[in-house]
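What follows is the residue order along each chain.
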Amino acid sequence: ISCAAEYFCGKLRLIFISVRQYGSDVCFCVSVESCDSPLVSALPQSAFTSSSELSNSHGPGFAKLNRRDGAGGWSPLNSNKYQWLEIKLEQRTEITAIATQGRYGSSDWLTRYLLMFSDTGHNWRPYRQEDSIGAFSGNSNADSVVMYKLQQPVIAQYIRILPLHWNPNGRIGLRLEAYGCQYKSDVVSFDGSAHLLFRPDPSVSLADRDVLSMNFKTLLNSGMLVHMEEHSGHSFTLELFRGKLLLQLRKGRGSSADFHPLVSLGSLLDDQHWHHIRVERIRGLVNFTVDKNTQQFQLPESWSHSEINEISFGGTSAAGLQKSHSRRNFHGCLENVLYNDISVIERYLCLSQGNVSFTCTESIDVPVTFASPGSFLALPWVSGGESASVCLQFRTWNRAGLLMTFDLLRQKAVLAVYVKMISLMPVILPDPHACSLSLSTGASLNDGQWHSLELAVRCPDTEGGSGCRNPFSVFQGCMRLIRTDGALVDLIRVQQMLFGNFSDLQMDMCGIVDRSNIKYDISCPVFFSIRCSPSRCEHGGRCSQSWSTFHCNCSATGYSGATCHSSIYEASCEAYKHKGNTSGFYYIDMDGSGPIKPQLIYCNMSDKAWMVIQHNNTELTKLKASSGINQHLAHFNYSADAEQIQAIITQAEYCEQELSYHCKKSRLLNTPDGAPFSWWVGRSGEAHMYWGGAVPGSQQCACGLQENCVHPEHFCNCDADSKEWLNDSGLLSHKEHLPVRALAVGDINRSGSEAAYRVGPLQCYGDNNFWNAAYFNKETSYLHFPTFHGELSADISFLFKTSSSSGVFLENLGIKDFIRIELSSPTQVLFSFDVGNGPLEVKVETASALNDERWHHVRAERNVKEASLYVDHHPSAVQKAPADGHIHLQLNSQLFVGTASRQKGFLGCIRSLKLNGKTLDLEERAEITPGVTPGCPGHCSSYGDLCQNHGSCVEDHSGFTCDCSLSPFTGTFCHKDVSAFFKPGTSVTYTFKEPYKLNRNVSAQSSSIYSDLTLRGENVSLSFRTSQAPALLLYVSSYYREFLAILLNRNGHLDVKYKLQHNRDAEVFRASGRNLANGQLHRVSVQRLGETLNLIETQTQLFLIAESGEVDPEIARLNALGFTGCLSVVQFNSISPLKAALLYPDTSPVIVTGPLSESSCGSSLPTNPYAAETTHSLADHVGTVGTGEPIVNAINSDSALIGGVIAVVIFVSLAALAVMARFLYRRKETFQPQEPKAEKTDDSPETPFNTDPNSQSIISDNQKEYFI
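Model, not experiment: these values are computed from the prediction.

Engineer: What's the story with the overall build of the protein in this structure? I'm lost.
Structural biologist: When its secondary structure is counted, the protein shows eleven helices and 87 strands. Residues classed as buried in the protein amount to 52% of the 1268 residues present. Long-range contacts, defined here as pairs at least 24 residues apart, represent 70% of the contacts in the protein between residues at least 6 apart. Accessible surface for the protein amounts to roughly 56,000 Å². Of this, 50% is attributable to carbon and sulfur atoms.

Given below as structure tokens:
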């Protein structure tokens, strides 16, 4: 409110004055007068009317509060829902409160009623509470007074009370009073052809601020309300179009000027009720308000500083209408028009153009509302001739409904007119050929607008008549101007039950609820629809509606639920990791249901879950000396916007970004004392003079901090100004300065100067919110936080683990309202709340107990449509909200985690507690709260199953890690196979050491490779892929001539040849009757279970190419051929020799002969050859956006996965007098490194192998990529 201004609101008079204090203006309110005078008690009896009266002494004129005249109040003849009491005030008045009382000395009173208002005694408007039609609670006896202060004052001359419920042991009985004050009103009326011109005084106009406010009412849905011209030739236009207000800009004058739509607000404003408009411009910022809804937007720069020199109200000239949407002037009334605090109508500062009157006259149209499936209106009608006609207007949101039926008395048929989807459909039953029919139809008839229907039927004379059962959906909507054979139906007589019959109708009002709103985007001259006004669909959800409710389409928004409130994505890579996801691209929603949009981010799942945010130039950029260029500036645009990046950095445990500078005769920071030649700009726009690896404010590089620069007198290597190439590189890790937004490189203009720089991607790991936890060790313990504000929509999510059978997780109380989530039993979570309609409970029952000391996830959501509860992956529970009730959750106490009431408290851990996307810092409060400790260990009980392939879970303070030392796999979850491509000439030998050597000078990695030296049996497994047959896959032998071999014979069949006693012949077990040398991936597992009797210190070897010496002749022959193919995840008992050779060759007892490098040939899925790690879920299927699974960078290929996996399990039990425990070592072949070659050489894996005529073409290292 501006200072030095006077405002009137009936008798409420506010004066604001400006006082100069300490160099600034302070605004004070110095006078206030209340608006609560009684309005009814002084009225004559003639001001009271009613639907009926029980007797003269029960008439409406006796319905005055605390009066005992007559029978002590009003009572109708019949007590039913069609009765009403009406009061006409002296003039239009501001009404602020209503009070009711029962009939004196009786059992007659109302317990529930509706309050209606009108300016004319027709076209009633219900009082709305919380944007819904709200019923008021009445009395509990005949004498007490129940008063309600209206949340929003109402301006009206007529008041009507509609009884809904009354004392079941009595009748309807009522006395009442209304309170308020006089309302000051200046009005002007337009007939659609006139307008007013107003020219502001330029001496008092404010160039940087303009405020226009007014009220309007109309029956027509389109017309120009205001047209404002500027000195520059631009103009503003406020136009009513299809029942919505559209604010537009027009550039230039004349017919060639173009309209630029800014925003549209409101809907169904053609209801002949007053609506308030306010347009406020402060420089380039505009606040546009219609009734209670406000839109804010920024004007283009060219329109930010302008002065209005002429305003046209009610329309403009014919030329100005040509490019408007409505193409017509306004037809209706304006009230209390103020421009910059000047009352335009009162001071007659306008020039009239056409027929303008300063009174508001209204046509009397009586609408009727069909509000429920049981609503109907039956009118007696007998057509006098062979033809009949019916006309009416209707409006609805529903896609289908029966408008009317009537008997064709001269024809054995019934005519039905049915509105279906978007058009009208007439149906004549049972004979459609007997009558001629004329029907005017339309399209998009369920848009909430008024549509006219004209129906004419002509039938020949026939005898009899018939009825027909209604096969159609009922109509819900409004009708008006119903005419039969040209005569207007008097609906007031119908309401008074003097004519026709009806049920469950709302007479003399159109009760359609506006749930549609179309807004304009300033950047796009096309309508985009945001339906449901005010829209309850969040995050861009598209809303459709019917008569009774609305529906949100959340597709492609990234959110779910009845109002698109809850995000379907996780808040960090850490959260995705703990769902078992591997490296890949994921949508990250940092604040859940908050305003920050989800962002596609790469998650690098290693020991840490790194979030990698790329920018437009992460490559090394070279610079050379250029004359006239003193400085090179580089700006970096990131894949996430500033708000998202700030949230990521704030939430992360650690962030870093590489910053490197390579120089040749190009100084960097000009240390030790000079002004820096180069600097970088961080998140807040500040320039920073320190380099990667140094601390903030040091003006140093990493070598200066470590005191190892090339020239000690400088703090950066490049500052030595050397003619040789040097570099300064390091990591920036001060979170408050990241990311690098720009880089300035200065010393590049001298002859011979060369430089190169690189700014790496921003990388962060850890999620402070995900692991934020508190442990409650007493039932009386709780943490308190500020009041939770979730008036219209609220979501609460957290994880818990407990051994207790019940307890309250959290609660927040109000005067009557509350919200609470609790574990009500070991198998039930209960979400309960009250928004004023009585307590509502949502329960989820689980098959297994939840007090198992494992983490369980709970998410509760409440909105205006429903309440839902989710527990882990159990089926959710949903409760619908009441159709007509309170919707605002009003809380005033602190939020308690645990409970401070008489409820049983919670014992256990609560983690990652989020309310409407914001995480509560449980650990910070727990530090200072008795009975609660920060943090909560024990994550392996819940997440240990994520460690695959015999990996073991290791506890961490914030999470867990998978120890893969006893598994042949590697990776975050021991999920990544270790493979190598072998060719002849490559081998690996693994030697087992004696027990007493295990602790001698070996690393943890190598010692973890060693096995238990007491041999109780063999458990051998491997995967292979080859096209060679015959081939030796695995050979285990001892110096006692015992061996076990896995091989492919000449036909590619899998054989297991073994000799477990040196004095017996070798035996062969044929495991497969199919050809496995087919280039596909196969899995083999061999197990031998036996009894260990003693330990003999004999060294034994395990190898894939048999050693020279006395060996089985067949094995020797296969050994001579060598092996070409892929071996993967090779394991002998607890030893993984191939993994040891590839990953820990320096600390493991392995001998590698020939080239050996890791390959992905053993993977069972197609991989992206350009990616460092395959991005797939634990379920091994390609993910899609929106499911919590990663997006794979798809590479088109004609190859497909055609292989399978064969598991061969052999159980060999050997009962012997002595089974020797053997120390084994193993040799394996490897493959050629993955380097593309221009041409094939003799030792290439692609060289044909012709030793055996039955062998197939050998797969190459490149081919293996297609089978992974």
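Engineer: Please explain the UniProt feature "domain: EGF-like" (unreviewed entry) in the protein as it appears in this structure.
Structural biologist: Here, UniProt's "domain: EGF-like" (unreviewed entry) annotation points to residues 528-565 and 937-975. From the first C-alpha to the last, residues 937-975 spans 25 Å; its make-up is 10% helix and 26% strand.

Engineer: Is there a simple way to explain the environment of Asp-191 in this structure?
Structural biologist: Position of Asp-191 among the secondary structure elements: in strand β14 (residues 187-191). Sequence spacing of Asp-191 and Phe-330 is 139 residues, and the spatial spacing of their C-alpha atoms is 7.3 Å. Only 2.9 Å separates the side chain of Asp-191 from the side chain of Ser-193, close enough to count as a polar contact.

Engineer: Would you mind going over the state of the cysteines with me for this structure?
Structural biologist: Structurally, a disulfide amounts to a covalent bond that connects the sulfur atoms of two cysteines. Following the criterion strictly, the structure yields 15 disulfides and no others. Each sulfur in the disulfide pair Cys-663 and Cys-718 lies 1.9 Å from the other. Note on the Cys-663 and Cys-718 pair: the S-S dihedral is about -95°, so by sign convention the disulfide is left-handed. Taken together, the residues Cys-663 in strand β52 (residues 654-664) and Cys-718 in the loop between α5 (702-706) and β55 (726-732) connect sequence positions 55 residues apart. Of the residues examined, Cys-718 reaches a relative accessible area of 1% and is grouped as buried. One disulfide bridge connects Cys-701 with Cys-716, the sulfur atoms lying 2.0 Å from each other. On the sign convention where negative means left-handed, the S-S torsion of about 90° between Cys-701 and Cys-716 marks this disulfide as right-handed. Highlighted residues: Cys-701 in the loop between β54 (687-688) and α5 and Cys-716 in the loop between α5 and β55, separated in sequence by 15 residues.

Engineer: Looking at this model, I keep getting lost on empty space enclosed by the protein. Mind explaining?
Structural biologist: Any empty space left between the atoms is revealed when a probe the size of a water molecule rolls over them. Following the criterion strictly, the structure yields eight cavities of 30 Å³ or more and no others. Roughly 140 Å³ of internal volume is contained in the largest cavity. Residue lining of the largest cavity: 17 residues in total, with Asp-210, Met-228, Phe-236, Val-279 and Arg-281 positioned closest to the centre. Class assignment for the residues of the lining of the largest cavity results in twelve nonpolar, one polar and four charged. In terms of lining, the second largest cavity is formed by 14 residues, of which the most central are Ser-118, Asp-119, Lys-217, Gln-272 and His-273. When residues of the lining of the second largest cavity are traced back to their parent elements, those giving at least two are β7 (110-118) and β12 (146-166). Here the lining of the second largest cavity is composed, by residue class, of four nonpolar, six polar and four charged.

Engineer: What's the story with helix α4 (residues 642-651) in this structure? I'm lost.
Structural biologist: Owing to its 3.6 residues per turn, the α-helix aligns residues three or four sequence positions apart on the same side. Listing the buried residues of α4 in full gives Gln-644, Ile-645, Ala-647, Ile-648, Ile-649 and Gln-651. For α4, the elements touching its buried residues are β48 (599-605), β49 (609-613), β52 and β58 (762-765). Two or three places before Glu-643, at the start of α4, stands the capping residue Asp-641, its side-chain oxygen 3.2 Å from that residue's backbone nitrogen.

Engineer: Any chance you could explain the pairing of strand β65 (residues 840-845) here in plain terms?
Structural biologist: For a regular strand, side chains alternate in direction, first toward one face of the sheet and then toward the other. Where strand β64 (residues 828-834) and β65 come together, six bridges link them in antiparallel fashion. Across the sheet, Val-829 pairs through a bridge with Val-844, a residue of β65. Linking β64 to β65, which pair antiparallel, is a turn of five residues; within it Gly-836 sits at a positive phi near 115°.

Engineer: Please clarify how the packing of aromatic side chains should be interpreted in this entry.
Structural biologist: Two aromatic rings are characterised by how far apart their centres lie and by the angle between their planes. As enumerated under the stated definition, the model contains 30 aromatic pairs in all. Between Phe-585 and Tyr-602, the ring centres sit 5.1 Å apart and the planes meet at 65°, which makes this aromatic pair edge-to-face. Note that Phe-585 is positioned in strand β47 (residues 584-588) and Tyr-602 in strand β48, a separation of 17 residues in sequence. By relative accessible area, which is 37% here, Phe-585 ends up partly exposed.

Engineer: What is the right way to look at unusual backbone geometry in this model?
Structural biologist: Excluding glycine, residues mostly carry a negative phi; peptide bonds, for their part, are mostly trans. A cis amide bond links Thr-671 to the next residue, Pro-672, at an omega of 10°. Inspection of the secondary structure assignment puts Pro-672 in the loop between β52 and β53 (679-681). With an omega of 0°, the peptide bond running from Ala-1029 to Pro-1030 counts as cis. Tracing the chain through its elements places Pro-1030 in the loop between β77 (1017-1025) and β78 (1031-1038). Of note in the backbone geometry, His-539 takes a positive phi value of approximately 55° without being a glycine. Its location among the elements puts His-539 in the loop between β42 (524-529) and β43 (542-545).

Engineer: How should the sheet that holds β54 be read in this particular structure?
Structural biologist: Through backbone hydrogen bonds, the strands of a sheet pair up, either in parallel or in antiparallel fashion. On the basis of which strands lie adjacent, the open sheet formed by four strands has the order β51-β56-β53-β54 and antiparallel pairing. Among the strands making up the open sheet, the edge pair consists of β51 (632-635) and β54. The sheet contact formed by β53 and strand β56 (residues 742-745) spans three bridges and is antiparallel. Looking at β56, one finds that Trp-679 is bridged to Ala-744.

Engineer: Explain the pattern of salt bridges here, please?
Structural biologist: For side chains of opposite charge, pairing can occur when their charged atoms come near one another. One pass over the structure, following the stated rule, counts 24 salt bridges. Notably, a salt bridge pairs Lys-81 with Asp-504, separated by 3.9 Å at the nearest N-O pair. Of the two residues, Lys-81 sits in the loop between β5 (48-50) and β6 (85-101) while Asp-504 sits in the loop between β39 (501-503) and β40 (505-507), which places them 423 residues apart along the sequence. Relative accessible area serves as the criterion here: at 48%, Lys-81 is assigned to the partly exposed category. Salt bridges linked by common partners bring Arg-92, Asp-119, Lys-217 and Glu-335 together as one network.

Engineer: Looking at this model, I keep getting lost on the pairing of strand β24 (residues 308-313). Mind explaining?
Structural biologist: Inspection of the sheet shows strand β15 (residues 195-198) paired to β24 by three bridges, in the antiparallel sense. Residue pairing in the sheet places Phe-198 in a bridge with Ile-311 of β24.

Engineer: What's the story with the nonpolar core in this structure? I'm lost.
Structural biologist: As a rule of thumb, nonpolar side chains are buried together in soluble globular proteins. Of all hydrophobic cores here, the largest spans 48 residues; its most connected members are Ile-588, Tyr-661, Trp-691 and Leu-762. If sequence neighbours within four positions are ignored, Trp-691 has contacts with Leu-659, Ser-660, Tyr-661, Leu-668, Leu-669, Trp-680, Gln-700, Cys-701, Asp-728, Leu-732 and Leu-743. By size, the runner-up hydrophobic cluster in this structure holds 39 residues, among which are Phe-776, Ala-794, Val-844 and Phe-906.

Engineer: Mind showing me how you'd approach helix α9 (residues 1113-1121) here?
Structural biologist: Residues of α9 that are buried: Ile-1115, Leu-1118, Asn-1119 and Leu-1121. Buried residues of α9 fall within an arc of 155° about the axis and therefore sit on the same side. The exposed set on the far side of α9, more than 90 degrees from its buried face, consists of Pro-1113 and Ala-1120. Gly-1122 sits one or two positions beyond α9 and adopts a positive phi of about 75°.

Engineer: I'm lost on the sheet that holds β64 in this one. Help?
Structural biologist: Pairing in this open sheet of six strands is antiparallel, and the strands run β60-β69-β62-β63-β64-β65 from one edge to the other. In this open sheet, the two edge strands, each paired with only one partner strand, are β60 (782-785) and β65. Pairs of neighbouring strands in the sheet enclose a mean axial angle of 15°, with direction left out of account. Relative to β64, strand β63 (residues 818-825) runs antiparallel, the two sharing seven bridges.

Engineer: Please clarify how the side chain of Asp-817 should be interpreted in this entry.
Structural biologist: Note on placement: Asp-817 falls in the loop between β62 (807-813) and β63. No salt bridge is formed by the buried Asp-817; its nearest oppositely charged neighbour, Arg-862, is found at 7.9 Å. Excluding its chain neighbours within four sequence positions, the residues that come into contact with Asp-817 are Asp-834, Val-835, Gly-836, His-888, Leu-889, Gln-890 and Leu-891.

Engineer: Can you help me understand the environment of Val-1020 in this one?
Structural biologist: Looking at where Val-1020 falls in the secondary structure, it is placed in strand β77. Along the chain, Val-1020 and Val-1084 lie 64 residues apart, while their C-alpha atoms are 8.1 Å from each other.

Calculation criteria
Residues numbered from 1 in each chain as written. Predicted model: local features only at pLDDT ≥ 70, side-chain atom pairs only at ≥ 80, totals over all residues. Heavy atoms only, no water. Helix = DSSP H or I, 4+ residues; strand = E, 2+ residues; numbered from the N terminus. Buried < 20%, exposed > 50% of the residue type's maximum accessible area, 1.4 Å probe, protein only. Contact = heavy atoms within 4.5 Å. Areas by Shrake-Rupley, 256 points an atom, 1.4 Å probe, with all protein chains shown as cover. UniProt positions renumbered as here; feature names shortened; annotations may be inferred. Polar contact = N/O pair within 3.5 Å; in protein donor to acceptor, adjacent residues only side chain to side chain. Disulfide = S-S within 2.5 Å. 1 Å grid on protein atoms, 1.4 Å probe; cavity = no way out; pocket = protein on both sides within 12 Å on 5 of 7 lines; lining within 4 Å. Points joined across faces, edges and corners; volume = space filled by probe spheres on them. Nonpolar A, V, L, I, M, F, W, Y, C, P; charged D, E, K, R; others polar. Pairing = 2+ DSSP bridges. Phe/Tyr/Trp six-rings, centres within 6.5 Å; stacked < 30°, edge-to-face > 60°. Salt bridge = Lys/Arg side-chain N within 4 Å of Asp/Glu carboxyl O. Core = buried A, V, L, I, M, F, W, Y, C linked by side-chain atoms within 4.5 Å. Arc of directions from axis to C-beta. Axes fitted to C-alpha atoms, helices over the stretch in contact; angles between N-to-C directions. Lys, Arg positive; Asp, Glu negative; His and termini not counted.

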